[in-house]
Amino acid sequence: MPENDEVDRIVAAWERAHPELDFSPLQVLSRVARLSKHLDRARRDAFGSSGLEPWEFDVLAALRREGAPFAASPKTLLQQTLVSSGTMTNRIDRLVERGFVERHTDPHDGRGVQVAMTPAGREAVDAAIRALVAREAQLLGALPPADQDRLAALLRKLSLDFD
């Protein structure tokens, strides 16, 4: 394994151009950004192998995590997927067309709507999560489990301010 990666080369070039600046943030966050691109590619591949778009996976995964009967209000789905209500309505419509979800009257509030995952939706999201976990394990394969745990803890600590 080479001792220097592309970020090391980029930072070294910046240090030569601006020796007065501290480029230590780039050592971390440029690597996170580059890894994010690899992760996005792995996720697209995992979802694509299951016939899903990333946004479809996001909605179906939110429903799957709800547990049986795999239903939630559009508001709950909005909160979990961080999209606008118009975007969510469009996504639900498209998932209904694909036969992955159905709309039902909320049994607790006759004025409300519940979005329920169909068996086809559950099959698709379960296949996608299996593929995703396998691909993400490959991405982390260079790190032993203890290092993965340490990295997860550090990233959790960093992300707490953003959540």
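Note that this is a predicted model, so its numbers are computed, not measured.

Participant: Looking at this structure, how should I read the layout of surface pockets?
Facilitator: Rolled over the atoms, a probe as big as a water molecule pinpoints where empty space is left. Volume-wise, the largest pocket comes out at about 1,400 Å³. R31, L35, L140, L143 and L151 are the residues nearest the centre of the largest pocket, which is lined by 32 residues in total. Listed by contribution, the elements that provide at least two residues to the lining of the largest pocket are α1 (6-17), α2 (24-49), α6 (119-139) and α7 (145-159).

Participant: Help me understand the packing of helix α3 (residues 54-65) against helix α5 (residues 85-97), please; the structure alone is not making it clear to me.
Facilitator: Helix packing for two helices is described by the angle between their axes and how far apart those axes are. Where α3 meets α5, the closest approach of the two axes is 11 Å, and the angle between their N-to-C directions is 90°. By the angle between their axes, α3 is roughly perpendicular relative to α5. In this structure, α3 contributes W55, E56, V59 and L60 to the contact, and α5 contributes M88, R91, R94 and L95. Looking at the contact of α3 with α5 residue by residue, the class counts come to five nonpolar, no polar and three charged.

Participant: In this structure, what is going on with the UniProt feature "domain: HTH marR-type" (unreviewed entry) in the chain? I would like to understand it.
Facilitator: On the UniProt side, "domain: HTH marR-type" (unreviewed entry) is annotated at positions that read residues 25-160 here. Between the end C-alpha atoms of residues 25-160 there is a gap of 18 Å, over a span that is 69% helix and 9% strand.

Participant: I keep staring at α5 and nothing clicks. Help me out?
Facilitator: Given 3.6 residues per helical turn, the α-helix brings residues three or four places apart onto the same face. In this model α5 runs 18 Å from its N-terminal to its C-terminal C-alpha over 13 residues, within 8% of the 18 Å that 1.5 Å per residue would give. Among the residues of α5, those classed as buried are M88, R91, I92 and L95. What you see down the axis of α5 is that its buried residues fit within an arc of 100°, all on one side. Elements that come into contact with the buried residues of α5 comprise α3, α4 (74-81), β2 (101-105) and β3 (113-117).

Participant: How should I be thinking about the pattern of salt bridges in this particular structure?
Facilitator: Two side chains of opposite charge can pair, provided their charged atoms sit close to one another. Scanning the model with the defined rule gives nine salt bridges in all. Several salt bridges share partner residues, and in doing so they unite D5, D8 and R31 into one network.

Participant: For this particular structure, what's the right way to read the side chain of D126?
Facilitator: Summarising the element assignment, D126 is placed in helix α6. Separated by 2.8 Å, the side chains of D126 and R64 make a polar contact.

Participant: Mind showing me how you'd approach the nonpolar core here?
Facilitator: Nonpolar side chains tend toward joint burial in soluble globular proteins. If you look at the biggest cluster of nonpolar residues, it comprises 25 residues, and the most contacted ones within it are L52, F57, L60, L63 and L77. Every element with two or more residues in this core is listed here: α2, α3, α5, β3 and α6. If one sorts the elements of this core by residue count, α3 sits on top with seven residues. Those residues within four positions of L63 in sequence are excluded, and the remaining contacts are F70, A71, A72, L77, V101, V115 and M117.

Participant: It is not clear to me how the packing of aromatic side chains should be interpreted in this structure. Could you clarify?
Facilitator: The relative placement of two aromatic rings is captured by the distance of their centres and the angle of their planes. Following the criterion strictly, the structure yields two aromatic pairs and no others. An angle of 20° between the planes, with centres 6.2 Å apart, marks the rings of W14 and F23 as stacked. Ring plane angle 15° and centroid distance 4.2 Å describe the contact between F47 and F57, whose orientation is recorded as stacked. Placement of F47 in helix α2 and of F57 in helix α3 is noted, with a sequence separation of ten residues between them. Since its relative accessible area comes to 4%, F47 is described here as buried. F57 sits in the buried class, given a relative accessible area of 8%.

Conventions adopted
- Residues numbered from 1 in each chain as written.
- Predicted model: local features only at pLDDT ≥ 70, side-chain atom pairs only at ≥ 80, totals over all residues.
- Heavy atoms only, no water.
- 1 Å grid on protein atoms, 1.4 Å probe; cavity = no way out; pocket = protein on both sides within 12 Å on 5 of 7 lines; lining within 4 Å.
- Points joined across faces, edges and corners; volume = space filled by probe spheres on them.
- Helix = DSSP H or I, 4+ residues; strand = E, 2+ residues; numbered from the N terminus.
- Axes fitted to C-alpha atoms, helices over the stretch in contact; angles between N-to-C directions.
- Parallel < 35°, antiparallel > 145°, perpendicular 65-115°, else oblique.
- Contact = heavy atoms within 4.5 Å.
- Nonpolar A, V, L, I, M, F, W, Y, C, P; charged D, E, K, R; others polar.
- UniProt positions renumbered as here; feature names shortened; annotations may be inferred.
- Expected span 1.5 Å × (residues − 1).
- Buried < 20%, exposed > 50% of the residue type's maximum accessible area, 1.4 Å probe, protein only.
- Arc of directions from axis to C-beta.
- Salt bridge = Lys/Arg side-chain N within 4 Å of Asp/Glu carboxyl O.
- Polar contact = N/O pair within 3.5 Å; in protein donor to acceptor, adjacent residues only side chain to side chain.
- Core = buried A, V, L, I, M, F, W, Y, C linked by side-chain atoms within 4.5 Å.
- Phe/Tyr/Trp six-rings, centres within 6.5 Å; stacked < 30°, edge-to-face > 60°.

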